[in-house]
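# Structural features, examined
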Amino acid sequence: MSENQGPSGPREGAPGGEGRELAARARQLDAEDVLGVLRDRFVLDDTVYLDGNSLGALPRAVPGRIADVIAREWGELRIRSWTESGWWTAPERVGDKIAPLIGAAPGRVVVGDSTSVNIFKAVVGGVRMAGKGCTEILVDAATFPTDGYIARSAARMTGLAVRPVEPAGIAEEVTERTALALVNHVDYRTGELNDLPGITTALHSAGALAVWDLCHSAGALPVGLDAHHVDLAVGCTYKYLNGGPGAPAYLYVRESLQERFESPLPGWNSHTDPFAMDAAYAPADGILRGRVGTPDILSLLALEAALEAWDGVAVEDVRAKSLALTDLFLECVAAYVPAGRVRPVTPLDHRRRGSQVSLVCSGAGEVMDELIRRGVVGDFRHPDVLRFGFTPLYTSFADVERAAWMLGEVLGAPGASGAGG
Ligand SMILES: *Cc1c(COP(=O)(O)O)cnc(C)c1O
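Residues numbered from 1 in each chain as written. Predicted model: local features only at pLDDT ≥ 70, side-chain atom pairs only at ≥ 80, totals over all residues. Heavy atoms only, no water.

### Topic: the site of the ligand
The condition that has to hold: Proximity is defined per residue: if any heavy atom of the residue lies within 4 Å of a molecule or strand, that residue is considered near it. Pairs of N or O atoms within 3.5 Å make up the polar contacts considered here, provided that, within protein, one atom can donate a hydrogen while the other can accept it, and that residues adjacent in sequence are counted only when both atoms are side-chain atoms. The protein chains shown are the only cover counted for residues, whose accessible areas, like all others here, come from Shrake-Rupley with a 1.4 Å probe. Under the convention adopted here, Pro, Cys and the residues Ala, Val, Leu, Ile, Met, Phe, Trp and Tyr are nonpolar, Asp, Glu, Lys and Arg are charged, and Gly plus all remaining residues are polar.
In the vicinity of the ligand, the residues found are S114, T115, S116, F144, T146, D147, N184, D213, C215, H216, Y238 and K239. Between the ligand and D147, the relevant distance is 3.0 Å, taken from a nitrogen atom to a side-chain nitrogen or oxygen of the residue. In this structure, an oxygen atom belonging to the ligand sits 2.6 Å away from a side-chain N or O atom of K239. Protein chains bury 87% of the 390 Å² of accessible surface belonging to the ligand in isolation. Its residues placed into classes, the shell around the ligand shows three nonpolar, six polar and three charged.

Put into structure tokens, the structure is as follows:
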């Protein structure tokens, strides 16, 4: 494709010298990209898909695997599949496949239920492990809403108060009365990366636990849960992990805390002997305590197949590409978008940037609708944020350059958007 091609055909106003230089650089970066071959592991078309931070693209391994699960494992083996096809142990098996992506050793991650439900398990479980005199839970003031709602309910149930705090201020805000802090690793609106090692250390020095929500970081950058002594963590699998709509989430419990972890949802799947059908609850050892009831096998096995896209991939390479993609996007936006129309709110500092770029833009909702009509898919967050997510496994540098060029067209061409100034 020449540099005069837009996402869906020839570019009408071909970019001038600077645009040609950026398009050539994007081609060069794609030619040198060690992860470039991974794009073939996904089902994609010529749409520029920059919404993998909301719903990851479909990995090619999934449809065949799910067809087999349905036709053979369910259709023919039926109930035998709980043992013969490994259904029963899938939550911890798939947890062990996610573990290396978030810096966890085997036996520390279990998959099942939604992120929201796992936040509940982690927060109540964390409060139960905290010191007796604790009176409050700190919650990231900019948190994704579900985390805040659930933390408030968990606090009511445990007799604690919730106090919203800026993640950067946690070291000053935490006290000996703080049971734990629930923090988003990457802010879903701005793409800002919070300082997981520093905040975790600050919490620990006040005797509080660190509970991290990894929804927007897992699969995009190294997390290092074990190395940084994180206590509890949760995350979803349908964003950068490409597990599919509603794919089950995961719970991480630090090894040294597992023996003390008491789930507020002690279902029969977390019992030490589920088929004893005992009236009295006795928790299983280890991370199995994070299980609740019968797992959602179809989604869980779709996720397991989706994770094959990570075979042989180093998270460090993913991070390096992610930063190169977001750098190029910011540079192309500066070159192609008329001055003053957008303002990046994602930090320029690599140490504080996740894998997305958020641009404040008046009329952002209409602008995104128009971009999507033209084959560039990002998303819009109320009231004025354009969000572009970069999934290093399948996003190319050419995608990035084209998306910025199209944004410039939408915002520059008179009447191209209903957004006005
Ligand atoms: C996407 C996301 C969720 C989603 O929770 P669900 O229970 O899967 O709907 C929760 N928290 C954060 C920070 C998210 O980005």
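### Description of the domain arrangement of the protein chain
Going by this rule: The domain boundaries here were taken from an automatic or database domain assignment. Any two residues whose heavy atoms approach within 4.5 Å at even a single point are treated as in contact. When two parts are put together, the accessible area they lose, computed with a 1.4 Å probe and summed over both, is reported as buried area. Salt bridge, as used here: a side-chain nitrogen of Lys or Arg that lies within 4 Å of a carboxyl oxygen of Asp or Glu.
According to the domain assignment, the protein chain contains domain 1 (5–60 + 314–412) and domain 2 (89–294). With 34 residues of domain 1 in contact, the opposing surface of domain 2 contributes 21 residues. Across the domain 1/domain 2 interface, buried area totals approximately 1900 Å², and carbon plus sulfur atoms make up 55% of it. At the junction of domain 1 and domain 2, the tally comes to one salt bridge. Residue R352 is joined to E192 by a salt bridge in which the shortest nitrogen-to-oxygen separation is 3.0 Å. Between the two partners, domain 1 and domain 2, sit eleven residue pairs in polar contact (both at pLDDT 80 or more).

### Describing the nonpolar core
The test is simple: The nonpolar core is taken to be a set of buried Ala, Val, Leu, Ile, Met, Phe, Trp, Tyr and Cys residues, with the residues joined through side-chain atoms within 4.5 Å. Working definition: with a 1.4 Å probe on protein chains only, accessible area under 20% of the residue-type maximum means buried, over 50% means exposed, and in between means partly exposed. Only runs of H or I of at least four residues qualify as helices and only runs of E of at least two qualify as strands under DSSP, and these elements are numbered from the N terminus.
Judged by nonpolar contacts, the single largest core of 48 residues is most densely connected at I102, W212, L214 and Y250. Listing elements by their share of this core, those giving two or more residues are α4 (90–98), β6 (109–111), β9 (178–184), α8 (196–205), β10 (209–213), β12 (250–253), α9 (297–306) and α10 (315–336). Ranked by residue count, the leading element in this core is α9, at four residues. With near-sequence residues (within four places) excluded, W212 lies in contact with V183, N184, H185, N194, D195, L196, I199, T200, V230, L232, A233 and V234. In terms of nonpolar packing, the next biggest core, distinct from the first, is built from 33 residues, V357, F388, V400 and A403 among them.

### Here we look at the pattern of salt bridges
Taken as a whole and assessed by the stated rule, the structure comprises 25 salt bridges. Between R25 and E331 there is a salt bridge, with the nearest N and O atoms lying 2.6 Å from each other. Pair noted here: R25 is in helix α1 (residues 17–32) and E331 is in helix α10, with a separation of 306 residues, a long-range link. Here E73 makes a salt bridge to R65, at a shortest N to O gap of 3.0 Å. Salt bridges linked by common partners bring R65, D68, R72 and E73 together as one network.

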